[in-house]
Amino acid sequence: MSAGAIAAAVRSGQRTAVDVLDEHLARISARDEEIHAFNLVTADEARAQAEAVDAAVAAGDDPGPLAGVPLALKDNMCTRGIPTTCSSKILEGWRPPYDATVVNRLRDAGAVVVGKTNLDEFAMGSSTENSAFGPTRNPLDPTRVPGGSSGGSAASVAAGFAPLAIGSDTGGSIRQPAAFCGIVGMKPTYGAVSRYGLIAFASSLDQIGPFATDVADAALMFDVIAGHDPLDSTSIADFAPQATASLDRGVDGLRVGVVRELSGGEGSVEGLSPDVVARTGEAVEALAAAGATISEVSVPSSTLGLSAYYLVAPAEASSNLARYDGVRYGLRVDAPTTGEMNTASRTAGFGAEVKRRIMLGTYALSAGYYDAFYGKALKVRTMMMRDFAAVYEQVDVLITPTAPTTAFPLGERTTDPMAMYVNDVCTIPSNLTGHPAISVPFGTGDDGLPVGVQVLAPALDDGLTFQVGAVLEAAAGGAR
Ligand code: GLN
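All of these numbers come straight from a predicted model, not from anything done at the bench.

Caption draft 1: Broad picture of the overall build of the chain. Of regular secondary structure, the chain possesses 16 helices and 11 strands. For 480 residues, the compact-globule estimate of 2.2 N^0.38 gives 23 Å, and the chain sits close to it at 21 Å. Each principal axis of the C-alpha distribution contributes one length, and for the chain these read about 65 × 60 × 45 Å. Burial status across the chain gives 60% buried among its 480 residues. Here the contacts in the chain between residues at least 6 apart in sequence split such that 75% fall between residues at least 24 apart. Accessible surface, the chain: about 16800 Å² in total, of which carbon and sulfur atoms supply 52%. Placing the 34 positive and 54 negative side-chain charges of the chain at their respective mean positions leaves the two points 5 Å apart.

As structure tokens, this is what we get:
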């Protein structure tokens, strides 16, 4: 049952939220030992929330647009009094003193939080294998990764543990796992959704967004979580979410650009799998059949996105993660002096990938290298913003694959950071520009696993991503 259908049934009294919750908790008990989507299942808190929703319905009140809908939260969103780990040992035992704004908004809309989902430690990774608590498996094929870093959230939706999940996307962490798990994932315009209570990875790139089994459910959740929040200084002041209202607009007359450099065309980035390129081409044909005008466009700097990202993101991470010093949060490893205690705590608390990023970022920001690395990356970022602005003079939206391949086998890339990083080549540009983008399943690869196609739109045109996504979904045979 879709989130929309569940909410309608609960609001009208046809089903109770408790009954819906029990059904989902039963699925979690039956299969999450194998999948490991959750770091923590919050069954008691969920039951209390579901009972409150049912009480509201019984009293004749409207519990909201997500009444009784089970929801999985990536474990880098703060939940008051409930462990929030970022899948890192360094936050061991820490319980946030407040809820993230998205959590409050979702609860106020009637959603029922069923648990906290696994991720790559501090959201650094593309496979959820960098978790301190062990990997998550892809529900469609448990020998494969679910993608990352929001792999637990994507897997929980794909496995039917919850119809909706929340993820965060710094370089593709919502869209790539959505593609690998055959579901919908969307990264909003930077500032459209409050990041208050999201544990920071790279603050100029991080954005929270929805996972759902179909575009309409993702739109429903987007409209709940988006909008101004005075608690987040980067929140857009007058953003009015219109995702649901955009769903039925179609693409007749819309100008669609295929980004040559990210879709296997001339001068394209390497490593795009032929089956993924073929599905992307079919998606473009489907849009043409629905009335869109198609053209091939060039965004030359988009091929530099990966290099710029892997300087900007680690630089910001090295600064953000300085706060984990053994004093203020979670783990402390005692030692004779404060400095030694800081070192011992960080050495024991952080995993290999997080350490790699902190060192890379610190290096890129150090006095002698700042201009050559960090400064240069910022220039590339500005150049990309200009290139995309120029291309959006000619077209309304852009199409690319979401990820270069379908879900790869567990363990295949864990020893080769570069092989892992190239996963993000198509998703990173939207993070660097701050633009919205959605991934929608469109057919399968040669291995039978889902392929995701990505729709990019200019800043603030989040509605357009849902509008085009809905047409692609219909062409791909509707929701799963
Ligand atoms: N895979 C990318 C990285 O490792 C993106 C992660 C993300 O979006 N959180 O940084």
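Caption draft 2: Up close: the sheet that holds strand β11 (residues 450–456). Pairing within the open sheet is mixed, and its 11 strands lie in the order β1-β3-β2-β4-β6-β5-β10-β11-β9-β7-β8. Pairing within the sheet leaves two strands with one partner each, and these edge strands are β1 (38–41) and β8 (293–297). In this sheet, adjacent strand axes meet at a mean angle of 30 degrees when their direction is disregarded. Pairing of strand β7 (residues 255–259) with β8, which is carried by 5 bridges, proceeds in the parallel orientation. Each bridged residue has a counterpart across the sheet, and for R255 the counterpart in β8 is T293. Relative to strand β10 (residues 437–444), helix α16 (residues 462–475) is tilted by about 5 degrees, and along the sheet it contacts β5 (184–187), β9 (397–401), β10 and β11.

Caption draft 3: Summary view of the state of the cysteines. Applying the stated rule across the entire model yields 0 disulfides. There is no disulfide at C78, and the cysteine sulfur nearest it, in C86, is 7.9 Å away. Considering cysteine sulfurs only, C181 is the nearest to C426, which forms no disulfide, with 18 Å between them. Judged by relative accessible area, which is 0%, C426 ranks as buried.

Caption draft 4: Structural view of the site of the ligand. In the vicinity of the ligand lie 15 residues, with T170, G171, S173, Y309 and R357 positioned nearest. In the model, an oxygen atom of the ligand is placed 2.8 Å from a nitrogen or oxygen of the G125 main chain. Contact between the ligand and D424: a nitrogen atom at 2.9 Å from a side-chain N or O atom of the residue. Protein contacts shield 100% of the accessible area of the ligand, which totals 290 Å² for the unbound molecule.

Caption draft 5: Fine view of the pattern of salt bridges. In the structure shown here, the tally under the stated rule is 18 salt bridges. Residue D141 pairs with R144 through a salt bridge whose shortest N-O separation is 3.4 Å. Given the relative accessible area of 18%, R144 is considered buried. One salt-bridge network, held together by shared partners, links R15, D19, E23 and R27.

Caption draft 6: Quick look at the packing of helix α9 (residues 274–289) against α16. Direction vectors running N to C along α9 and α16 enclose 105 degrees, while the axes themselves pass 10 Å from each other. Classified by the angle their axes make, α9 and α16 are roughly perpendicular. Where α9 approaches α16, its residues A283, A286 and L287 are matched on the opposing element by V468, V471, L472 and A475.

Caption draft 7: Region of interest: unusual backbone geometry. The amide bond that connects G148 to the next residue, S149, takes the cis arrangement and shows omega of 5 degrees. Of note in this structure, T128 is not a glycine but carries a positive phi near 65 degrees. By secondary structure assignment, the location of T128 is in the loop between β3 (112–117) and α5 (151–158). With relative accessibility at 0%, the residue T128 sits in the buried group.

Caption draft 8: Representation of the packing of helix α7 (residues 215–225) against α16 within the structure. Across the interface, α7 lies against α16 with an axial gap of 9 Å and an inter-helix angle of 165 degrees. Overall, the two elements α7 and α16 adopt an arrangement that is roughly antiparallel. Crossing handedness for the pair α7 and α16: left-handed. Judged by residue contacts, V215, A218, A219 and F222 of α7 engage D462, F466, G469, A470 and E473 from α16. Here the contact of α7 with α16 is built from residues that sort into 6 nonpolar, 1 polar and 2 charged.

Caption draft 9: Structural view of the nonpolar core. By size, the foremost hydrophobic cluster in this structure holds 90 residues, and its most contacted members are L71, L106, I166, L287 and F466. The contacts of L106, once residues within four sequence positions are left out, are L66, L71, A111, I166, M221, V224 and I225. M124, I199, A202 and V380 belong to the second-largest nonpolar core, a separate cluster that totals 55 residues.

Caption draft 10: Broad picture of α7. Buried residues dominate α7, accounting for 8 of its 11 residues. Among the residues making up α7, those that are buried are V215, D217, A218, A219, M221, F222, V224 and I225. Downstream of α7 by one or two residues, G227 has phi in the positive range, about 125 degrees.

Caption draft 11: Quick peek at the side chain of R175. In this structure, R175 sits in helix α6 (residues 175–181). At 2.7 Å, the side chain of R175 forms a polar contact with the side chain of Q454.

Caption draft 12: Main features of the pairing of β5. Residues V184 and M186 point to one face of β5 and G185 and K187 to the other, with burial holding for every one of them. As defined by bridge partners, β5 adjoins strand β6 (residues 207–212) across 2 bridges and the pair is classed as antiparallel. Following the sheet pairing, V184 is matched in β6 by A212. Relative to β10, β5 runs antiparallel, the two sharing 3 bridges. Bridging across to β10, G185 finds its partner in S439.

Caption draft 13: Local environment of the packing of aromatic side chains. Throughout the structure, instances matching the rule amount to 17 aromatic pairs. The interplanar angle of 35 degrees and the centroid separation of 6.2 Å between the aromatic rings of F38 and F161 together place this pair among those described as tilted. Of this pair, F38 sits in strand β1 while F161 is found in the loop between α5 and β4 (164–169), placing the two residues 123 residues apart along the sequence. Among the residues examined, F38 registers a relative accessible area of 5% and is labelled buried. According to the relative accessible area criterion, F161 is buried, its value standing at 1%. Here the aromatic rings of F222 and F239 are separated by 6.1 Å at their centres, their planes lie at 80 degrees, and the arrangement is edge-to-face.

Rules used in this analysis
Residues numbered from 1 in each chain as written. Predicted model: local features only at pLDDT ≥ 70, side-chain atom pairs only at ≥ 80, totals over all residues. Heavy atoms only, no water. Helix = DSSP H or I, 4+ residues; strand = E, 2+ residues; numbered from the N terminus. Rg over C-alpha atoms; globule rule 2.2 N^0.38 Å. Buried < 20%, exposed > 50% of the residue type's maximum accessible area, 1.4 Å probe, protein only. Contact = heavy atoms within 4.5 Å. Areas by Shrake-Rupley, 256 points an atom, 1.4 Å probe, with all protein chains shown as cover. Lys, Arg positive; Asp, Glu negative; His and termini not counted. Charge placed at Lys NZ, Arg CZ, Asp CG, Glu CD. Pairing = 2+ DSSP bridges. Axes fitted to C-alpha atoms, helices over the stretch in contact; angles between N-to-C directions. Disulfide = S-S within 2.5 Å. Near = heavy atom within 4 Å. Polar contact = N/O pair within 3.5 Å; in protein donor to acceptor, adjacent residues only side chain to side chain. Salt bridge = Lys/Arg side-chain N within 4 Å of Asp/Glu carboxyl O. Parallel < 35°, antiparallel > 145°, perpendicular 65-115°, else oblique. Left-handed = near helix turned anticlockwise from the far one by under 90°. Nonpolar A, V, L, I, M, F, W, Y, C, P; charged D, E, K, R; others polar. Core = buried A, V, L, I, M, F, W, Y, C linked by side-chain atoms within 4.5 Å. Phe/Tyr/Trp six-rings, centres within 6.5 Å; stacked < 30°, edge-to-face > 60°.

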